[in-house]
Amino acid sequence: MVEAMRNGEALLAPEEEWAYRMLVRLGTARAGEVAERMSLPPEDGQRLLAGLSDKGLAAADGADVYRPLPPEPALGTELLRRQESLEEARRGLAALSEEYLTSARRRHADQLVEVVVGAAALRERIRRLQDSAKSEMLWLCRANAVAMESAENTEEFDALDRGVRYKVIYERALLMEPGMQANVAEGVRRGEEARSLRTLPVRLAVADRATAICPLIRGDEGDIGEPSAAIIGRSQLLDALVALFESHWDVAIPVRIDGGSPDEEPDLPDESERFVLSLLVAGVPDKSIASQMGVSRRTVQRRLDRLMALAGVDTRPGLAFQAARRGWL
């Protein structure tokens, strides 16, 4: 690291660069001529041109006559070496920083959890968390948003577009809120993996399994005052939250809308029917499904009747079983 930092000096000393530029302008020159133009003693001219020659920036043509050489071959190699050395120094610094933070977290709990207060501050941190995500976002989405409505989360689409995987579990009551089913459907079309459960224990967002945001109030029990949340870094607490998400993901019901088209086989559910089916299995009532889709309750019932006919059953529990068995969900 020390050696790399020492290499932060210029590739050429100011006098060497001046002498090289002078030689480039002259084409060829004697050491005395260069020294005179630089207002230096003759011996300094000889020293500078000899130094340039040693660095591969000048060549001697006869006695005391020099011509310039292109700078890229000589200085490019040196620059690359310094870049490699600097990168090694950065890796060393990152390792030392991680060691320091790990040690500090063992000694000081306040290095592990940061508390953010206020809806505006919390919304900003949620946006920053998604903007910084490189590979994966995990979400537990409960009803009655604390700081940001799902429809406001445009950062998700940006992250999906750059290849970030989104795994989202929606609480059933959230899917019954106005506009939510259309919002979830759009997210799934863009690549989101969506599932649903009747209830969720907490709200949670985790980026790359490295940083989590977990609100500190429930938001559905008449809480008053500004919302607050914990920002949690790498720790056993974060590992526990990720394990909590995974345990709920394993039992959650997939929300599916994919696979439909006008030319789809008549003995398979189309896109809208798959969506209705996934909401039914998640426990969303017919009335809420109809309201969110902008159709009548009777239309929803007709679609379910067709699905039961396709599955060869006459009850909704039987439909749910056959849908899982046939891979419709």
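Structure report, in brief. What you see is a predicted model, and the numbers here were worked out from it, not measured in a lab.

### Some remarks on the environment of Glu152
1) Next: Within the secondary structure, Glu152 is located in the loop between strand 5 (136–141) and helix 7 (155–161).
2) Next: Sequence spacing of Glu152 and Arg123 is 29 residues, and the spatial spacing of their C-alpha atoms is 9.7 Å.
3) Next: Apart from residues no more than four positions distant in its own chain, Glu152 is found in contact with Arg123, Arg127 and Ala147.

### Describing the packing of helix 11 (residues 271–282) against helix 14 (residues 316–325)
1) Next: Closest axis-to-axis distance for the helix 11/helix 14 pair is 10 Å, and the angle between their directions is 115°. Handedness of the crossing formed by helix 11 with helix 14: left-handed. The segment helix 11 lies against helix 14, with Leu277, Leu280 and Val281 engaging Arg316, Leu319, Ala320 and Ala323.
2) Next: Taken together, the residues of the contact of helix 11 with helix 14 sort by class into six nonpolar, no polar and one charged.

### Focus on the sheet that holds strand 2 (residues 58–60)
1) Next: Strand order in the open sheet formed by three strands is 1-3-2, and the pairing between neighbours is antiparallel. Among the strands making up the open sheet, the edge pair consists of strand 1 (29–30) and strand 2.
2) Next: The sheet contact formed by strand 2 and strand 3 (residues 65–68) spans three bridges and is antiparallel. Counted as the bridge partner of Ala60 is Tyr66 from strand 3.
3) Next: Helix-sheet contacts for helix 2 (residues 14–26) involve strand 1, strand 2 and strand 3, and the interaxial angle to strand 3 is about 90°.
4) Next: Along the sheet, helix 4 (residues 42–54) contacts strand 1, strand 2 and strand 3; its crossing angle with strand 3, the most-contacted strand, is approximately 50°.

### A look at the packing of aromatic side chains
For any two aromatic rings, the description comes down to two numbers: the centre-to-centre distance and the angle of the planes.
1) Next: In total, this model carries one aromatic pair according to the counting rule given.
2) Next: Relative to Trp249, the ring of Phe245 lies with its centre 5.8 Å away and its plane at 20°, an arrangement referred to as stacked. Placement of both Phe245 and Trp249 in helix 10 (residues 236–251) is noted, with a separation of four residues, approximately one turn of the helix.
3) Next: The ring of Phe157 has Arg190 sitting right over it, with the charged end atom 4.3 Å from the ring centre.

Thresholds applied
- Residues numbered from 1 in each chain as written.
- Predicted model: local features only at pLDDT ≥ 70, side-chain atom pairs only at ≥ 80, totals over all residues.
- Heavy atoms only, no water.
- Helix = DSSP H or I, 4+ residues; strand = E, 2+ residues; numbered from the N terminus.
- Contact = heavy atoms within 4.5 Å.
- Axes fitted to C-alpha atoms, helices over the stretch in contact; angles between N-to-C directions.
- Left-handed = near helix turned anticlockwise from the far one by under 90°.
- Nonpolar A, V, L, I, M, F, W, Y, C, P; charged D, E, K, R; others polar.
- Pairing = 2+ DSSP bridges.
- Phe/Tyr/Trp six-rings, centres within 6.5 Å; stacked < 30°, edge-to-face > 60°.
- Lys NZ or Arg CZ within 6 Å of the ring centre and 35° of its normal.

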